Amino acid sequence: MTIALSPHIHAFPIRHGKAPFAMAARRLLWEGKWDALAIALPASLREEALAGVEALPSVRALVIRVEGEAKCYLPFDPCDAYIEGMRQARQRRLPVHFIEDDSLLDAPLLQPLPDAYLVQGIGTGRYLELARELLAQAEPDARIDRRQRFAAQALRRLQRKHERILLLCDFPLLLALQASFPAASIEAMLAEAGGTLSGTPGGVHGQPASEADGGRIDIRSYPVKPELLYFALGELPFYAAEMEKERLDPLASPLDYLDLIKKIFSATRESFLDEPGEGAAISVKKIQTALIFLRNLAVQQGRLTPDLADLVEAAKGVFGNAFAAKVIEAARRYPYSDSEEAEAGFLEIGKDHIREPEGALADGEPLAAFNLLEDEPKTWKTIRLKKEPDREKQRRYRYAWDARGMCSHTPEDERIEGFNRAVRRRSRDLDLQGFARTEKLTTSLRDGIDVRETLRNWTTGGIYVREIPPAKGRVDTVVILFDVDHDERYPTRNTWYAEHDEESTLVFFATDPLDKMIGPGIAESEYGGLSLLFPPRPVPNVFDLPAKEFGFANLAEQLLYGALINTRERVVACVSQTPPGLRLKRMAARNGKRLSWVPMGSFSAETLRRLRKFHVLNGKHVRAWAPRFIPD
């Protein structure tokens, strides 16, 4: 796993802010065979960096000024190999040495390197060879010669004091050291003559940074604002939190990086379980579909691991807008911020700037600064999500609601009418199957061979055929019962008449739409049960009947009673989880009707979820802007 630079020094190249490298660095230090840890960071940062590591898991950052100008910041990223290495070294009381000069503070060190997850599959050696090929094609960093000479000089001094040194460094520096560090090379001789270089690696000599640089470097430490950790960390804050949980549990299994991606979906699903109808729609099978979608998105972009934009796109494509919004919340969640530290103010970190707390040197003004632990530029994408309105907006929408005008959302009308037609067809087919007659084949195949009956009488040698009688009458009424046990959740009990001949008369009980306003004049509700009468016709509102007088046990029974007295046909289709009980069958028989049960389980959960949720518009004019607020 490590690259030997000398009998005393073994190097491990790292990618900044990537969990696979941080976990590998932790395993290396767990081996317990090292006398010291060397890190390729400027020696002037050593004291403040080691102090910042002690604050973990609360994430702080160092704001670094060079000659009074803010240059960069160093976040204490739990998923960074340098930070993890320092934590492990401190726990094992190993000396930590910073071996670089301040040239790293001038500009970010961006490198074209393979996907970080690849190192788990092919190992460090092969990954280093791939990195060598990619870096050979890239523009070389102008600072590499100076960095290499400083590092080589510091390492030669360290190996006189320690027997086994673990060096954590970036790939360009390791490749340069591999070429120069052997004692017989000319570059090594130049490194031995490093005293001609200006500056001194203070960490190696244990000299405080402020003394080593003559006060040129100013370093200040702040806690990072939790909501903005995404800009500071290499991995998603959710991944960093999971790594911290693993650290706190001595019996925890080592984290698999890909399992972290699955955990985001499962954690988001748990937050959905409290919302009726939503949790059931997010099945394990759909999560698998989302993961496959996610994998394809990453592969299309030439990566092995997805980023936050891919996660949101997959969640939006498979689960919808609301779930995608919650995935963002889950991905940004990091529960280890220290509220006591917040009293002094947070450091706000943005895409390419920072903002110190008020009262600090810049007094809240934004400062251009780069992330010292960032080795690849982040790509920014626009994600279009329909955000739910906050409470204040919902209150304003509710206040402006006019109770005199309500109508449905046209795409949902078309969806429910299509479902109505499908149920009527299925009910008729099931009804006919119940009257099918089987007989032994004589002269005609009738409506086909009855395979089951033929096999049952296989020993007699006969073939049996089925005869399905012609349909008598039609099914003009469909009752759909989603919830028969929680009447208190459904205060809205209404009848909506059709706007045209292709629409059914709708009788339903549902949740109060004003409880969830999603836009101006747009409310969202959920059916507990509904009945559809087609062709449409005016019917009295069955919910006006006195329930006690008629002996209705619940709203579902009242709805079904209305369907039985308003239908013109003999059969009423009933879609429900369980078959209608004896009480309902008797009610149908008293009205001269019969119930045809269509199992709800014969329809997909997604179809039922989309059918059950509906939107109420405050007048037909709202249809003009409703599609902007109602997800497809």
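Within the secondary structure, leucine 233 is located in the loop between helix 10 (229–232) and helix 11 (237–248). On the basis of relative accessible area, leucine 233 is assigned to the buried category, the value being 1%. Sequence separation of leucine 233 and glutamate 374 is 141 residues, and the distance between their C-alpha atoms is 8.7 Å. Residue contacts for leucine 233: discarding those within four places in its chain leaves Val59, Asp77, Pro78, Ala240 and Lys378.

Before going further, it helps to spend a moment on unusual backbone geometry. Backbone torsion omega between leucine 56 and proline 57 reads 15°, so that peptide bond is classified as cis. Of the consecutive residues phenylalanine 534 and proline 535, the connecting peptide bond is found in the cis state with omega at 5°. Here proline 535 is to be found in the loop between strand 20 (522–533) and helix 20 (547–550). For arginine 93, which is not glycine, the phi dihedral falls at a positive 55°. Here arginine 93 falls in the exposed class, since its relative accessible area comes to 78%.

Attention shifts here to the packing of aromatic side chains. All chains considered together, the criterion is met by 20 aromatic pairs. Taken together, a centroid distance of 4.8 Å and an interplanar angle of 55° make the contact between phenylalanine 419 and phenylalanine 603 tilted. On the criterion of sequence distance, the pair formed by phenylalanine 419 in helix 18 (residues 410–434) and phenylalanine 603 in the loop between strand 22 (594–599) and helix 23 (605–612) is long-range, its members being 184 residues apart. Here phenylalanine 419 falls in the buried class, since its relative accessible area comes to 6%. For the ring pair phenylalanine 508 and tyrosine 527, a centre distance of 5.7 Å and an interplane angle of 80° mean the geometry is edge-to-face. Of this pair, phenylalanine 508 sits in strand 18 (residues 505–510) while tyrosine 527 is found in strand 20, placing the two residues 19 residues apart along the sequence. Assigned by exposure class, phenylalanine 508 and tyrosine 527 land together as buried. Following the ring pairs from residue to residue traces out a cluster consisting of Phe12, Phe21, Tyr127 and Phe171.

Taken in spatial order, the three strands line up as 9-10-11 in an open sheet, and their pairing is antiparallel. Among the strands making up the open sheet, the edge pair consists of strand 9 (348–349) and strand 11 (366–368). Note: strand 9 against strand 10 (residues 353–355), two bridges, orientation antiparallel. Considered in strand 10, the bridge of glutamate 348 is made with arginine 355.

Here the focus is helix 6 (residues 171–180). An α-helix turns once per 3.6 residues; consequently, residues spaced three or four apart project the same way. Judged by how many residues are buried, helix 6 sits mostly within the fold: eight of ten residues are covered. For helix 6, the set of buried residues is Phe171, Pro172, Leu173, Leu174, Leu175, Ala176, Leu177 and Ser180. Among the residues of helix 6, the N-terminal cap falls to aspartate 170, whose side-chain oxygen and the backbone nitrogen of leucine 173 are separated by 3.0 Å.

The subject of this paragraph is the sheet that holds strand 4 (residues 60–66). Taken together, the four strands give an open sheet; going across it, the order is 8-4-5-12, and neighbouring strands pair in mixed fashion. Only two strands of the sheet have a single partner each, and these edge strands are strand 8 (217–223) and strand 12 (370–371). With six bridges connecting them, strand 4 and strand 5 (residues 69–75) associate as antiparallel partners. Paired with leucine 62 across the two strands is leucine 74, which belongs to strand 5.

Okay, the state of the cysteines next. Across all of its chains, the model carries zero disulfides by this definition. Distance from the sulfur of cysteine 72, which forms no disulfide, to the nearest cysteine sulfur (cysteine 169) is 19 Å.

What follows deals with the confidence of the model for the protein chain. The share of residues in the protein chain with pLDDT of 70 or more is 90%, and the mean pLDDT across the chain is 82. Across residues 195–211, confidence stays below pLDDT 50; counting only partners more than four residues off in sequence or on other chains, it has 33 contacts.

Note on placement: valine 224 falls in the loop between strand 8 and helix 10. Along the sequence, valine 224 and leucine 155 sit 69 residues apart, while their C-alpha atoms lie 33 Å from each other. For valine 224, the residues in contact, after removing those within four places along its chain, are Val59, Arg60, Ala61, Leu229, Ala232, Phe346, Leu347 and Ile349.

We now examine the nonpolar core. By size, the foremost hydrophobic cluster in this structure holds 70 residues, and its most contacted members are Ile64, Leu74, Leu155, Leu167 and Leu372. Not counting residues up to four positions away in its chain, the partners in contact with leucine 74 are Leu41, Leu45, Arg60, Ala61, Leu62, Ile64, Ile83, Leu372 and Leu373. Listed in part, the 51 residues of the second largest apolar core include Tyr222, Phe272, Val318 and Val327.

Residues Leu441, Leu445, Ile449, Val451, Leu455, Trp458 and Ile463 make up a contiguous nonpolar surface patch of roughly 700 Å² in combined accessible area. Structurally, the position occupied by leucine 455 is in helix 19 (residues 451–456).

The tally for this structure, following the rule as stated, stands at 36 salt bridges. The shortest N-O distance in the salt bridge between glutamate 84 and arginine 247 comes to 2.8 Å. With glutamate 84 in helix 3 (residues 81–91) and arginine 247 in helix 11, the pair connects residues that are 163 residues apart, well separated along the chain. The buried category is assigned to glutamate 84, whose relative accessible area is 1%. On the basis of relative accessible area, arginine 247 is assigned to the partly exposed category, the value being 22%. For the salt bridge of aspartate 218 with arginine 220, the shortest nitrogen-to-oxygen distance reads 3.1 Å. Among the residues examined, arginine 220 registers a relative accessible area of 32% and is labelled partly exposed. Several salt bridges converge on common partners, so that one network encompasses Arg15, Lys18, Asp375 and Glu376.

Criteria and cut-off values
Residues numbered from 1 in each chain as written. Predicted model: local features only at pLDDT ≥ 70, side-chain atom pairs only at ≥ 80, totals over all residues. Heavy atoms only, no water. Helix = DSSP H or I, 4+ residues; strand = E, 2+ residues; numbered from the N terminus. Buried < 20%, exposed > 50% of the residue type's maximum accessible area, 1.4 Å probe, protein only. Contact = heavy atoms within 4.5 Å. Phe/Tyr/Trp six-rings, centres within 6.5 Å; stacked < 30°, edge-to-face > 60°. Pairing = 2+ DSSP bridges. Polar contact = N/O pair within 3.5 Å; in protein donor to acceptor, adjacent residues only side chain to side chain. Disulfide = S-S within 2.5 Å. pLDDT = per-residue confidence, 0-100. Core = buried A, V, L, I, M, F, W, Y, C linked by side-chain atoms within 4.5 Å. Patch = residues over 30% accessible without salt bridge, like charges linked within 9 Å, V, L, I, M, F, W, Y side chains within 5 Å. Areas by Shrake-Rupley, 256 points an atom, 1.4 Å probe, with all protein chains shown as cover. Salt bridge = Lys/Arg side-chain N within 4 Å of Asp/Glu carboxyl O.

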